[in-house]
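Below, each chain spelled out in residue letters.
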There are 2 protein chains.
Amino acid sequence: VALDLMGGDQAPEAVIDGALLALDELPAVSVTLVGPEQVARRLLADRGRSEACVIAPATQVIGMGEDPARAVRAKRDATVRVAAQLVRDGGADAMVSVGSTGATMAAALFTLGRLPGVTRPALAIDLPTPAGPVVLLDAGATVEAGPDLLAQYAVAGSAYARIRYGLPHPRVGLLSVGSERSKGDPLRKLAYDVLTGLAEAGLLVFIGNVEGHDAAGGPADVIVTDGFTGNVLLKGMEGAAAMVTTLLTGTILDPTPGPVTAGTVLPLLAEVSDRVGSAAMGGALLGVHGVVVIGHGSSSPRAVTGAIAQAVQLHRQDVLPAVARGLAALSGRSSLHAVTP
Amino acid sequence: VALDLMGGDQAPEAVIDGALLALDELPAVSVTLVGPEQVARRLLADRGRSEACVIAPATQVIGMGEDPARAVRAKRDATVRVAAQLVRDGGADAMVSVGSTGATMAAALFTLGRLPGVTRPALAIDLPTPAGPVVLLDAGATVEAGPDLLAQYAVAGSAYARIRYGLPHPRVGLLSVGSERSKGDPLRKLAYDVLTGLAEAGLLVFIGNVEGHDAAGGPADVIVTDGFTGNVLLKGMEGAAAMVTTLLTGTILDPTPGPVTAGTVLPLLAEVSDRVGSAAMGGALLGVHGVVVIGHGSSSPRAVTGAIAQAVQLHRQDVLPAVARGLAALSGRSSLHAVTP
């Protein structure tokens, strides 16, 4: 796994600690640190693990404020570009970054290219709900979508959920503001009809509209939406989970009589909040020619390890070929019957 | 307060119980039940409170599956229409429904009319975050918006927060997918410029883009977005809060040693979940000529009481005139400098 050493709010410390945790915990995994050679050497030496990782030198970093596409073109030695080159050239099976989503996506598109039939890639997030995993896409790779792009997401997400979670017929839901077909803006109404057509053609199972709360567990295994709405939804869920934790912590820290003390409940809260919050925000970039995992910018070492583990699984499960086959089938169909309205 | 007896998943029982609670708890409030006369009489008699409420007879109910505008026109004796007529004719100071948002909005528009300068109304939700209240609009009254409509929401939301929470200069944020001006879809980029113009003209304080998690507490007092995104965000937050509660409950019910027991923590969880979930979903319909509060369809009696209390406060605080003045100022400005791009 090629790991972007310099991406994320707590880089490079959280990234290196996450990498070492992954090496300790995951069987038969090796990690290539992509970043400034001296920084990487020092971080490894400081931890007494000088030989733990291979280092792929890359001197440039793309910041959160930069225009991703322009920065990726301009910075030939950017960490995300070098990581993507490793995947392209067979030096790594997958790449992981917890830095700028836009920069990672731009580097993946630029270096690895799109799968056939893909207009724009999508970020697919696995949400660990009490009712089982829900795959939400797009979580923010592409801010705008038309009905044909939502159809690509539906096919890619369906293939992803089928392989990743062993679901023979993942149920795909279209995110809207009510379950009836008539609910939603014009994009959802068009997408509803396109997805109905794909279901009739046997390309996926479409269960109709779902709503925001279904991302926390509901009738759908896969929830499809545009990247703007998906990003707002995920961040809102993260905020709400943190809010519940804060409110509960405040309640528990109140000098209430009884056996509930901060020491006993707070660790539970932290664990649950972590599961719903940042842990839920690592995502697979679907639609590019390679395994790319983008983690949350605020990733802790544990979250970096989680992103690495996800990349390893996606590679070993052969998720990419399944997604490519689904998209190729859709693409073949599209050339006969235009999906775009 | 004119109360729609037949709206909501648990109507009419939860509605009548909420009304009686409101009468017991709120000083100097009277409630007019709007619904079938015999149903209302029986419910009151069953509870030994035959004289507690005035009854305004209305025989028709608009269901969740009906087209709201068509149903409101066709059903002259619908509860939401009769309630809106009471407000229009001075028989009530405010109306409350926990039924279909679309039907209540259509009835309010049809009977009460729009305030000057309003293209479409918005549903404003008060989110009780640990950092203080955040007003989110539109939470789902209107599925599509252009930059000029978002500007109306910003002005109306700003006036609302100023009066309701005594904030002299409410900070308005535009919901997007990153804090930089360049983040977001074309609608947000246009709206960013329009809101910057309104701030320069002194009509409001604009702090730029905010993100989904800021709805759970952040730099903005007022968060502005289209009704589609707002609805998805709120329902997602509700789902996440419920998910945290479920996960924690599962953890706590595990046979863990120690003093944390279900009996001590579960009531706290239920209370917090209620505060973040359905309690957060009662909203004021801004932009119509009258005080209209629309509660969550799954409202409990306690949530119905909360919606009634909100309607009473909005009336007593004179929020409506403040919103009308703000919108009139925006409208006067628009006629000189076109806000629509």
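Here is a short report on the structure shown in this document.

Conventions we followed
Residues numbered from 1 in each chain as written. Chains lettered and ligands numbered in written order. Predicted model: local features only at pLDDT ≥ 70, side-chain atom pairs only at ≥ 80, totals over all residues. Heavy atoms only, no water. Helix = DSSP H or I, 4+ residues; strand = E, 2+ residues; numbered from the N terminus. Buried < 20%, exposed > 50% of the residue type's maximum accessible area, 1.4 Å probe, protein only. Contact = heavy atoms within 4.5 Å. Areas by Shrake-Rupley, 256 points an atom, 1.4 Å probe, with all protein chains shown as cover. Pairing = 2+ DSSP bridges. Axes fitted to C-alpha atoms, helices over the stretch in contact; angles between N-to-C directions. Lys, Arg positive; Asp, Glu negative; His and termini not counted. Salt bridge = Lys/Arg side-chain N within 4 Å of Asp/Glu carboxyl O. Polar contact = N/O pair within 3.5 Å; in protein donor to acceptor, adjacent residues only side chain to side chain. Parallel < 35°, antiparallel > 145°, perpendicular 65-115°, else oblique. Left-handed = near helix turned anticlockwise from the far one by under 90°. Nonpolar A, V, L, I, M, F, W, Y, C, P; charged D, E, K, R; others polar. Right-handed = clockwise from strand over helix to strand, strands pointing away. Core = buried A, V, L, I, M, F, W, Y, C linked by side-chain atoms within 4.5 Å.

Details of the overall build of chain A
Reasoning step 1: Assigned secondary structure in chain A consists of 11 helices and 11 strands.
Reasoning step 2: Within chain A, the fraction of its 341 residues that count as buried is 57%.
Reasoning step 3: For chain A, restricting intrachain contacts to residue pairs at least 6 apart in sequence, the fraction spanning at least 24 positions comes to 70%.
Reasoning step 4: If you sum the accessible surface of chain A, you get close to 12,700 Å²; carbon and sulfur atoms cover 53% of it.

Considerations on the sheet that holds strand β3 (residues 54-57) of chain B
All names here are of chain B.
Reasoning step 1: In spatial order, the strands read β3-β2-β1-β4-β11-β10-β5-β6-β9-β7-β8; together these 11 strands make up an open sheet with mixed pairing. Each having just a single partner strand, β3 and β8 (205-210) make up the two edges of the open sheet. Neighbour-to-neighbour, the strand axes of this sheet turn through a mean angle of 25 degrees, independent of strand direction.
Reasoning step 2: Running over the sheet, helix α5 (residues 101-112) touches β4 (94-97), β5 (122-129), β10 (283-286) and β11 (291-294) and is turned about 170 degrees from β11.
Reasoning step 3: Where helix α10 (residues 301-316) meets the sheet, it contacts β1 (2-4), β4, β5, β10 and β11, and its direction lies at approximately 160 degrees from that of β11.

Some remarks on unusual backbone geometry
Residue and element names in this part refer to chain A.
Reasoning step 1: Across the junction of Leu137 and Asp138, the peptide omega takes the value 5 degrees, indicating a cis bond.
Reasoning step 2: Inspection of the secondary structure puts Asp138 in the loop between β6 (132-137) and α6 (147-165).
Reasoning step 3: The phi dihedral of Ala28 falls on the positive side, at around 55 degrees, and the residue is not glycine.
Reasoning step 4: You can see Ala28 is positioned in the loop between α1 (13-25) and β2 (32-35).
Reasoning step 5: Phi at Asp318 takes a positive value of approximately 55 degrees, unusual for a residue other than glycine.
Reasoning step 6: As for its position among the elements, Asp318 is in the loop between α10 (301-316) and α11 (319-336).
Reasoning step 7: The exposure class assigned to Asp318 is partly exposed, which follows from its relative accessible area of 48%.

Looking at the pairing of strand β6 (residues 132-137) of chain B
All names here are of chain B.
Reasoning step 1: The pairing of β5 with β6 spans five bridges and is antiparallel. Following the sheet pairing, Pro128 is matched in β6 by Pro133.
Reasoning step 2: Connecting β5 to the next strand, β6, in antiparallel fashion are two residues.
Reasoning step 3: In the sheet, β6 pairs with strand β9 (residues 222-224) via three bridges, with the strands oriented parallel. Residue pairing for β9: Leu137 is matched across the bridge by Val224.

Brief notes about the side chain of Asp4(B)
Residues and elements named next belong to chain B.
Reasoning step 1: Along the chain, Asp4 falls in strand β1.
Reasoning step 2: Despite its burial, Asp4 pairs with no opposite charge, the nearest such side chain being Lys75 at 11 Å.
Reasoning step 3: At 3.0 Å, the side chain of Asp4 and the backbone nitrogen of Met6 are in polar contact.
Reasoning step 4: Reaching out from Asp4, the side chain makes a polar contact with the backbone nitrogen of Gly7 at a distance of 3.3 Å.
Reasoning step 5: In contact with Asp4, other than residues within four places in its own chain, are Val15, Val34, Thr79, Val80, Val96 and Ser97.

With respect to the sheet that holds β2(A)
Residue and element names in this part refer to chain A.
Reasoning step 1: Taken in spatial order, the 11 strands line up as β3-β2-β1-β4-β11-β10-β5-β6-β9-β7-β8 in an open sheet, and their pairing is mixed. Looking at which strands have only one partner, the edges of the open sheet turn out to be β3 (54-57) and β8 (205-210). The mean angle between the axes of side-by-side strands here comes to 25 degrees, regardless of whether they run parallel or antiparallel.
Reasoning step 2: Bridge count for strand β5 (residues 122-129) against strand β10 (residues 283-286) is four bridges, and the pairing is antiparallel. Counterpart to Leu123 in the pairing with β10 is Leu285.
Reasoning step 3: Of the strands in this sheet, β4 (94-97), β5, β10 and β11 (291-294) are in contact with helix α5 (residues 101-112), which crosses β11 at around 170 degrees.
Reasoning step 4: Packed onto the sheet, α10 meets β1 (2-4), β4, β5, β10 and β11 and runs at close to 160 degrees relative to β11.

Some thoughts on the side chain of Ser158(B)
Reasoning step 1: Here Ser158(B) lies in helix α6 (residues 147-165).
Reasoning step 2: Residues within four places of Ser158(B) in sequence aside, it is in contact with Pro170(B), Val172(B), Leu204(B) and Val222(B).

Points about the packing of helix α4 (residues 79-88) of chain A against α5(A)
Residue and element names in this part refer to chain A.
Reasoning step 1: Their axes nearest at 9 Å, the elements α4 and α5 cross at an angle of 40 degrees. Classified by the angle their axes make, α4 and α5 are oblique. Along this stretch, α4 crosses α5, giving a crossing that reads as right-handed. Within the contact between the two elements, α4 uses Val80, Arg81, Ala84, Gln85, Val87 and Arg88 and α5 uses Ala103, Thr104, Ala107, Phe110, Thr111 and Leu112.
Reasoning step 2: Per-class residue counts for the contact of α4 with α5 are seven nonpolar, three polar and two charged.

Quick notes on the pairing of β3(B)
Residue and element names in this part refer to chain B.
Reasoning step 1: Alignment of strand β2 (residues 32-35) against β3, held across four bridges, turns out to be parallel. Counterpart to Thr32 in the pairing with β3 is Val54.
Reasoning step 2: Regarding topology, helix α2 (residues 37-46) serves as the crossover connection from β2 to the parallel β3, and that connection is right-handed.

Quick notes on the nonpolar core
Reasoning step 1: Ranked by internal contacts, the top residues of the largest apolar core, which has 96 residues, are Leu285(A) and Leu285(B).
Reasoning step 2: Those residues within four positions of Leu285(A) in sequence are excluded, and the remaining contacts are Met105(A), Ala108(A), Pro121(A), Ala122(A), Leu123(A), Ala141(A), Val292(A) and Ile294(A).

Focus on the pattern of salt bridges
Reasoning step 1: Across all of its chains, the model carries 28 salt bridges over all chains by this definition.
Reasoning step 2: Between Lys75(A) and Glu66(A) there is a salt bridge, and its shortest N-O distance comes to 2.9 Å.
Reasoning step 3: Residue Asp24(B) is joined to Arg49(B) by a salt bridge in which the shortest nitrogen-to-oxygen separation is 3.0 Å. Placement of Asp24(B) in helix α1 (residues 13-25) and of Arg49(B) in the loop between α2 and β3 is noted, with a sequence separation of 25 residues between them.
Reasoning step 4: Note on Arg49(B): relative accessible area 26%, which makes it partly exposed.

From the geometry alone we can't say anything about function, so treat these as descriptive.
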